[in-house]
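Understanding the architecture of this molecule
Residues per chain, in single letters:
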Amino acid sequence: MNIAANNGVWSGSWVAERLGVELVGDDGLTALLGLALRRNPRRAHLLVSNVLGKHVPQSPAVVYGHGFALGRRVRDLLGEQEARQAVVLGYAETATGLGHSVADGVGLAPYLHSTRRPVAGVAAAGGFEESHSHATSHLLLPEDPALLSGDGPLVLVDDEFSTGNTVLNTIRDLHARYPRKRYVVVALVDMRSPEDAGRLTAFAAEIGARVDLVAAASGTVKLPEGVLEKGQELVARYEESAATGDQPSAAPSGPFAQFPAPLGGWGQPSQGARGTARPAPTHPHPTGDRTTPHVTRIDLHWPPGLPDGGRHGFTPAHRIRLETALPLMAARVAEALPPDARRVLTLGFEELMYAPLRVARELEALVAAEVRYSTTTRSPVLAVDDPGYAIRSRLVFPAHDNPADGPGERYAYNVAGAGFDAVVLFVDSAGDTPELHAPDGLLDRLGAHAPHVLLAVVPSYVPALTEESPAMLPEPLRGPAFSSYPAEDVGWLLQDLSDVTLEAPTEEREEAIQSGGAHYAESLPVEYQPSERYQALFHAALDTSAARIAQAVGVVTETVLAERSPRPVLVSLARAGTPVGVLMRRWAQFRYGLDLPHYAVSIVRGRGIDANALRWLAAHHDPRDVVFVDGWTGKGAITRELADAVEEFEQRAGVSGFDPEIAVLADPGSCVRTYGTREDFLIPSACLNSTVSGLISRTVLRADLVGPDDFHGAKFYRELAGADVSVAFIDAVVARFAEVVDSVDAAVKELAVADRTPTWEGWAAVERISEEYGIHDVNLVKPGVGETTRVLLRRVPWKILARAGAGADLDHVRLLAEQRGVPVEEVGELPYTCVGLIHPKYTRGATGADGRAVNV
């Protein structure tokens, strides 16, 4: 396979012929763009730029020249005076290098690009969404907050301008915070449809500002009816052949009857020809018994303190320092290259595009070898070994910069099979990790396809924090090191206290709590393993209720996506909310292919939410995208606690945007507007403790263990792995997703027009019960199936109130009550299925307390 040239064949013809897609517009448009396919719920086709330096290796002079020329056009449009006041903003990850090149062309404009990499200690100045992307959250992390607050023109740079949604969302967000009179949108290609083209003018009038557009070429993509489904089916067919290693049928039927059959699996080398396309090699593993390649490190002598790019801002003064240092850095790369190298690839790393591009451009002028430039990417794209397809091959390797959203695959396209004699990989120091150098890491992948691999590490620039800045917080804990959930399902914003003895007998804890001698969050109840009888009851309950839970998960997730954020950041309240957060994340994946971030945080009644966790979230995500998640509501105490805590945090920290309303699976207390159901039914995850919540304890807040700059604590009960059903619970519910889609859609439509105003009837009922039973403390009345279960598992119960006629939803409650020697009293008029009453004014000598620990 030779990716160096396509023999005059347009690199979009393969997709165009199979899907009926047309690319029409300016002369030379097809020279700028090819087409590929990807798995995406919104847009199956991908416009692949030949001059961007992302997916297609290209001459660095060509890549830089296109961006610089666009910058010159912007300067001519603005005039010298306004150009001096302009700020250029590029989009991560694809356009970080393009935006920086445009800034160079504008002249004296400072540059900032959005980022998907949060930086500890650096607060976000804004954020926005890229709705058609596979990974949509963008952060703005300028070192100087005043960078975005000027009144000069803001120049926004992306590789393509398609619907315009991303740019308009950005301008709308920034204009609300930092209003200005003029914006300029810059793209390599303007591919808006006629319907979208008129939106820019209307939008400018709406915000009362001028909005101009500058593009190197314009055109549009004509899509036939049903192209999305057809493209998804085509991608699925090729992915299936890659997964199984089988050759697709030589004589396909149905929707693929018109497609030529691939001749080999993705993991096999292949030679492609027009009309005989086959899945291209993805090269997921080195072949044979080849050892890890020798990697030559290059010391660039990067100028101390010079930013590696525009993640935190890049000023004209920074540009002068870089220009001065470039010739020496390029010379050091040239010296390290093998003397017989005739074809060299300089490979950037995700958002690190500009620095390697500039070094590559200098190198191109220094050496006789043909120099090409491209970068790695997060974006998954189908590879097909055909000259009429833009992505001929792909390398797959694990992420190597410890991303905040957890581990995942990364890609390098059109590198394998391209005949490079040497690859010079540029990474910043945050990406120079053991994962990069591991046997299956990127360096190893490159070594399978190039005889010489060189590594240049650029120091990751982190803004200097002032003395008043709060301490940097650690990254979230993830499984399997902490919790039994897969790493991508949840990140725990907690500290690990597994080595600390925190457990105390239930009766001893209850006496200390009610006497005021200790707070319930200062110790942990003993985690008991369930008996065989109780485990059987749990599994029976799960089998009975899985579809019901799946529907509630679908309803609450769809409501969140429609009303709260198109790409929410799920933040579950540990630990009862965490299984629900995992399930909501799985629904978004199942229904829309979304990969939502999900974190678990601690909230403690009477102490509030973990403020450091909120600080971490504000630094890594737009607070307006955060959706707090819990399992259910009882009387609404945590709902009120969260609202008060968020308000206090925002006033103290100077951060705004968090919405304290919780999204819950069940809202029997009528305390929230976002829920899956308001019925009080059995959620099997309430039946157990840590063994259904990733083996994590409830959270701990104690002054001698949790300092002012620490996350709240929790324990990981590794020793209970044999009884763990956390993943089994998730899998059982996920398995029912497909069968409840129609009922979820119907329920969501009903909720959209329903009056969901909270009535707080649960709180009123609890107050009434507290007085009626002489308890006089609403904190000792726990309404609902979930809260009643907690009383029986963790506290000293006094009695259980059960609604007359309640059925199987209370089987586990009756069993626990029997084992604790607690009476169950049937009540005719009860707004909940059951209510648990904690023993009032408890001491170990109190009547009715026999000191027995619950045996579950």
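Details of the structure are given in the entry above.
Below is a summary of the structure that appears in this document. A quick note: this is a predicted structure, and the numbers were derived from the prediction, not measured.

Scoring rules and cut-offs
Residues numbered from 1 in each chain as written. Predicted model: local features only at pLDDT ≥ 70, side-chain atom pairs only at ≥ 80, totals over all residues. Heavy atoms only, no water. Helix = DSSP H or I, 4+ residues; strand = E, 2+ residues; numbered from the N terminus. Buried < 20%, exposed > 50% of the residue type's maximum accessible area, 1.4 Å probe, protein only. Contact = heavy atoms within 4.5 Å. Areas by Shrake-Rupley, 256 points an atom, 1.4 Å probe, with all protein chains shown as cover. Expected span 1.5 Å × (residues − 1). Phe/Tyr/Trp six-rings, centres within 6.5 Å; stacked < 30°, edge-to-face > 60°. Axes fitted to C-alpha atoms, helices over the stretch in contact; angles between N-to-C directions. Parallel < 35°, antiparallel > 145°, perpendicular 65-115°, else oblique. Left-handed = near helix turned anticlockwise from the far one by under 90°. Nonpolar A, V, L, I, M, F, W, Y, C, P; charged D, E, K, R; others polar. Bend = angle between axes of the 7 residues up to and from the residue. Pairing = 2+ DSSP bridges.

Notes on the overall build of the protein chain
- The secondary structure content of the protein chain amounts to 22 helices and 33 strands.
- Within the protein chain, the proportion of its 856 residues that are buried is 61%.
- Considering only contacts in the protein chain between residues 6 or more positions apart, those separated by 24 or more positions represent 77%.
- Approximately 31,500 Å² of the protein chain is accessible, and the part contributed by carbon and sulfur atoms is 51%.

Description of helix α17 (residues 637–653)
- Taking 1.5 Å of rise per residue, 17 residues should cover 24 Å, and α17 covers 24 Å from first to last C-alpha, within 8% of that figure.
- Buried within α17 are the following residues: A637, T639, E641, L642, A645, V646, F649 and E650.
- Buried residues along α17 sit against β24 (603–604), β25 (608–609), α16 (611–620), β26 (626–632), β27 (659–666) and α20 (761–772).
- Where α17 ends, the next residue or the one after it, G654, has phi of about 70 degrees, a positive value.

Some points on the packing of aromatic side chains
- Scanning the model with the defined rule gives 13 aromatic pairs in all.
- Look at Y411 and Y413: their rings are 6.0 Å apart centre to centre, the planes differ by 15 degrees, and that puts the pair in the stacked class.
- On the basis of relative accessible area, Y413 is assigned to the buried category, the value being 1%.
- Plain terms: the ring middles of F649 and F658 are 6.2 Å apart, the flat faces sit at 70 degrees to each other, and that makes the pair edge-to-face. F658 carries the same exposure label as F649, and that label is buried.

Quick notes on the packing of helix α15 (residues 578–592) against helix α18 (residues 726–734)
- Where α15 contacts α18, the axes come no closer than 10 Å and their chain directions differ by 40 degrees. By the angle between their axes, α15 is oblique relative to α18. Our pair here, α15 against α18, has a crossing hand that is right-handed. Touching P579, V582, L583 and R586 of α15 are F729, I730, D731, V733 and V734, all from α18.
- Of the residues belonging to the contact of α15 with α18, the class tally is 7 nonpolar, no polar and 2 charged.

Side note on helix α3 (residues 60–85)
- For α3, built from 26 residues, the straight-helix expectation of 38 Å at 1.5 Å per residue is missed by more than 12%, its first-to-last C-alpha distance being only 29 Å.
- Where α3 bends most, at G79, the angle is about 115 degrees.
- Of the surrounding elements, those touching the buried residues of α3 are α4 (96–106), β8 (154–161), β9 (182–190), β10 (210–222), α10 (354–366) and β13 (370–375).

Re unusual backbone geometry
- Of note, the bond from A92 into E93 is cis; its omega dihedral lies within 30 degrees of zero at -10 degrees.
- Tracing the sequence through the fold places E93 in the loop between β4 (87–90) and α4.
- A cis amide bond, omega 5 degrees, links A574 with the succeeding residue R575.
- Residue placement: R575 occurs in the loop between β22 (569–573) and α15.
- With a phi angle near 60 degrees, H301 is a residue other than glycine that sits in the positive phi range.
- Summarising the element assignment, H301 is placed in the loop between β11 (295–298) and α9 (316–336).
- In this structure, N402 takes a positive phi of about 50 degrees despite not being glycine.
- Within the secondary structure layout, N402 lies in the loop between β14 (394–398) and β15 (409–413).

Here we look at the sheet that holds strand β30 (residues 781–783)
- Pairing in this open sheet of 4 strands is mixed, and the strands run β30-β33-β31-β32 from one edge to the other. Single-partner strands in this sheet number two, and they are β30 and β32 (824–827). Here the average twist between neighbouring strands, direction ignored, is 20 degrees.
- Where strand β31 (residues 797–803) lies against β32, 4 bridges are found, and the strand directions are parallel. Bridging from a neighbouring strand, I800 pairs with V824 of β32.

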